[in-house]
Amino acid sequence: MSISNSSLNIAARGSAITALGESEFDILVIGGGINGVGIALDAASRGLSVALVESGDFASGTSSKSSKLIHGGLRYLEQYDFRLVREALYERELMVTTLSPHLVKPVSFLYPLHEKLIERTYVGAGMALYDALRGFKRALPWHKHLTQKKVSEIAPSLRLDVITGGFQYFDAQVDDARHTMSIARTAAKYGAVITTRTRCEEVIKNGKRVVGAKIRDLISDEVIEVRAKATIMASGVWSDQLHEKFGLKAGYSVRMSKGSHIVVPKSAINSQSGVIIKTDLSVLFIIPWGEQWIVGTTDTDYQESKEEPLASSDDVSYIINQANRVLEPKLRRDQVIGVFAGLRPLVSTDPDSPTTKLSREHVVDSPTPGFVSIAGGKYTTYRVMAEDAVDEAVNHLRRIVPDSTTENLAIIGAEGYSVLINKIPKLATEYGLAEDTIRHLLDRYGSLFDELLAPAKDDSTLLEPLIEGLPYIKAEALYAITHEAALSIDDLLSRRTRIAFEASDSGLSITSYLGELLGKYAGLEKKEIAKSINEYEQIILRQRKNLERAIQIESKVS
Ligand SMILES: Cc1cc2nc3c(=O)[nH]c(=O)nc-3n(C[C@H](O)[C@H](O)[C@H](O)COP(=O)(O)OP(=O)(O)OC[C@H]3O[C@@H](n4cnc5c(N)ncnc54)[C@H](O)[C@@H]3O)c2cc1C
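In this text the structure is predicted, and so the values were computed from the model without any measurement. (Residues numbered from 1 in each chain as written. Predicted model: local features only at pLDDT ≥ 70, side-chain atom pairs only at ≥ 80, totals over all residues. Heavy atoms only, no water.)

(A) Spatial organisation of the overall build of the protein chain. Across its full length, the protein chain holds 18 helices and 19 strands. Relative to the compact-globule value of 24 Å for 558 residues, the protein chain shows a C-alpha radius of gyration of 23 Å, a close match. Projected onto the principal axes, the alpha-carbon positions of the protein chain cover approximately 70 × 60 × 50 Å. Among the 558 residues that make up the protein chain, the fraction classed as buried is 59%. A fraction of 72% describes how many contacts in the protein chain between residues 6 or more apart in sequence connect residues 24 or more apart. Of the roughly 23,100 Å² of accessible surface on the protein chain, a fraction of 51% belongs to carbon and sulfur atoms. (Helix = DSSP H or I, 4+ residues; strand = E, 2+ residues; numbered from the N terminus. Rg over C-alpha atoms; globule rule 2.2 N^0.38 Å. Buried < 20%, exposed > 50% of the residue type's maximum accessible area, 1.4 Å probe, protein only. Contact = heavy atoms within 4.5 Å. Areas by Shrake-Rupley, 256 points an atom, 1.4 Å probe, with all protein chains shown as cover.)

(B) Representation of the site of the ligand within the structure. Taken together, 36 residues lie near the ligand, and Asn35, Glu54, Ser63, Leu69 and Thr380 sit nearest. In this structure, Glu54 approaches the ligand through a side-chain N or O atom, which is 2.7 Å from an oxygen atom. Contact between the ligand and Leu69: a nitrogen atom at 2.7 Å from a main-chain N or O atom of the residue. Surface burial for the ligand is 95%, taken as the share of its 1,000 Å² of free accessible area covered by protein chains. Counting residues per element, the ones that place at least two in the shell around the ligand are helix 2 (34-45), strand 2 (50-54), strand 8 (198-206), strand 11 (252-265) and strand 16 (338-349). Within the shell around the ligand, the residues separate by chemical class into 10 nonpolar, 20 polar and six charged. When residues of the shell around the ligand are assigned to domains, at least three fall in each of domain 1 (10-63 + 178-251 + 351-408) and domain 2 (82-173 + 255-344). (Near = heavy atom within 4 Å. Polar contact = N/O pair within 3.5 Å; in protein donor to acceptor, adjacent residues only side chain to side chain. Nonpolar A, V, L, I, M, F, W, Y, C, P; charged D, E, K, R; others polar. Domains from an automatic or database assignment.)

(C) Region of the structure containing the domain arrangement of the protein chain. In terms of domain boundaries, the protein chain breaks down into domain 1 (10-63 + 178-251 + 351-408), domain 2 (82-173 + 255-344) and domain 3 (417-549). Between domain 1 and domain 2, a total of about 1,600 Å² is buried, with carbon and sulfur atoms accounting for 63% of that surface. Between the two partners, domain 1 and domain 2, sit one salt bridge. Residue Glu91 is joined to Arg383 by a salt bridge in which the shortest nitrogen-to-oxygen separation is 2.9 Å. Scanning the region where domain 1 abuts domain 2 turns up five residue pairs in polar contact (both at pLDDT 80 or more). Those elements giving two or more residues to the side of domain 1 that touches domain 2 turn out to be helix 6 (176-189) and helix 9 (382-394). (Buried area = accessible area lost by both parts, 1.4 Å probe. Salt bridge = Lys/Arg side-chain N within 4 Å of Asp/Glu carboxyl O.)

(D) Expanded view of the side chain of Asp490. Secondary-structure assignment places Asp490 in helix 15 (residues 489-496). The contacts of Asp490, once residues within four sequence positions are left out, are Arg495, Tyr536 and Ile539.

(E) Representation of empty space enclosed by the protein within the structure. One pass over the structure, following the stated rule, counts six cavities of 30 Å³ or more. By volume, the largest cavity amounts to about 90 Å³. Taken together, Leu8, Asn9, Ile10, Ala12, Arg13, Phe58, Ile194, Thr195, Thr196, Ala485 and Leu487 make up the lining of the largest cavity. Residue assignment for the lining of the largest cavity shows that the elements contributing at least two residues are helix 1 (10-22) and strand 7 (193-196). Of the residues that constitute the lining of the largest cavity, the class distribution is seven nonpolar, three polar and one charged. (1 Å grid on protein atoms, 1.4 Å probe; cavity = no way out; pocket = protein on both sides within 12 Å on 5 of 7 lines; lining within 4 Å. Points joined across faces, edges and corners; volume = space filled by probe spheres on them.)

(F) A look at the packing of aromatic side chains. Enumeration over the complete set of coordinates arrives at eight aromatic pairs. Where Tyr431 meets Phe449, the ring centres are 5.4 Å apart and the plane angle is 85°; that geometry is what we call edge-to-face. Pair noted here: Tyr431 is in helix 11 (residues 424-431) and Phe449 is in helix 13 (residues 449-453), with a separation of 18 residues, a long-range link. For Phe449, a relative accessible area of 1% corresponds to the buried category. Put simply, the rings of Phe109, Tyr130, Tyr169 and Phe285 pair up and form one aromatic cluster. Across from the ring centre of Tyr76, 5.0 Å away, lies the NZ or CZ of Arg75, which sits over that ring. If you follow Lys266 out to its NZ or CZ, it ends over the ring of Trp293, 4.4 Å from the centre. (Phe/Tyr/Trp six-rings, centres within 6.5 Å; stacked < 30°, edge-to-face > 60°. Lys NZ or Arg CZ within 6 Å of the ring centre and 35° of its normal.)

Structural data, given as structure tokens:
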């Protein structure tokens, strides 16, 4: 198999759209969230011919709105789900060491204790088990017992009147949207035909067998008939509606649960570590995120728009109240810079379904020949889910196909990352950038760093900050369009960068600059640029309304 170019841009999109209609693929993937792109990579790296269609942008569904933790899930221990925890911890170690070390980073958490003996014994046993379950791979440090004094040294913002001591343990974190897009590019590198703004509207059947799908190109509005020996649907919370549309009786259904997060500036909480707090129903995380903290999450049943779940004023209040149980000074609503909410696809299976395999938290179903669907699980275990889905689809190909190879397959940018990290001072001098900026870039692009900075050799303005107060440089916005398939202002501010929730103006001050870049490098016409800016402004306006409501409620209460 030849190695293809992993650049996804408007020209590559044109070729991919042509390819969709030309040949019969082994596998067609519907959905470009983490599971869809993981499936495309798994299948392409087994030597299969693959196409992937995504109706919006990569990760525009749940996969850009998670808590961004790559973790075993400490709380699953309380449910005695040791197998799930072990599997996720194994994946965590793989990502930190081999698959995506430039993107997936260790992060420490403090677990505060409120009582001295029984709680310490109970939680300590859980921590030891959590560390032991990862087996012999040990990329992250072992947990530590902490005295009250040590807790207050690490996190002066934790209230000593209610905290008697604690634990420090390690997990990992990732920019989920960037990671998902990077896997899509890796799949393209191994030959997968990858497109965004392509919506699956119907499956094509030959008798009962699904032999492909009708795909609408949402840019040209044309419908393309894509032929495939097997179609795999990884459409998260859209699964039920698509099964129904395709006339397929699935062996499971998906319930939506909304989870919201708030983002506050680093200065709002004085701590050198993340914090996890047990709540009545689940846990609350205070997660370090560059110059901010992400705090969440909630867990509420949800039936409204799948396209744009919004954090409500109640969500914001709940998160702040829970965090304030342990924080001093307390968080205030007017400190909230940004919010985001995502929908968990929770699967429940039909116990009588002969076609459904429920594996831990995710489900693989094959309701008819030529068609497989997968849903549920967690971000951390995407690679295992992808392997399960492709293994099932292979049964429909009627030929011998190699086993999954993704356990050892580094994603683009990973190779040589550790060498570049050792050269930060040299690179800073070479490019005339601060060492912090070089680290920021390496942690987002890894060894694609040279490719990212190549245009800056002719245009040094690309080395300037993209927006005041955040580490992004202008070259990143350009690269997002020329290599990372960004086609709109929302793609650029909500997913290629996270300016939407990191900047207090959500990036509204730079939309004209980004519009110019989209015009020049993605071929958007003036009218389309104005539309893209307006759509983004409307999204931010809707998010801000709920936030302002939460602030008003507080000012009435206080
Ligand atoms: C609040 C919250 C916090 C979470 N935190 C964590 C965490 O910290 N760690 C962790 O491991 N997991 C976490 N998760 C779980 C994790 O985020 C999800 O399990 C995962 O992102 C689901 O990915 P997916 O690919 O199945 O779905 P999605 O990301 O939703 O992808 C489905 C895609 O299908 C596309 N699509 C829909 N219809 C069509 C169509 N007709 N044609 C083409 N494309 C279509 C959509 O546009 C979408 O992009 C969290 C989830 C939530 C909600």
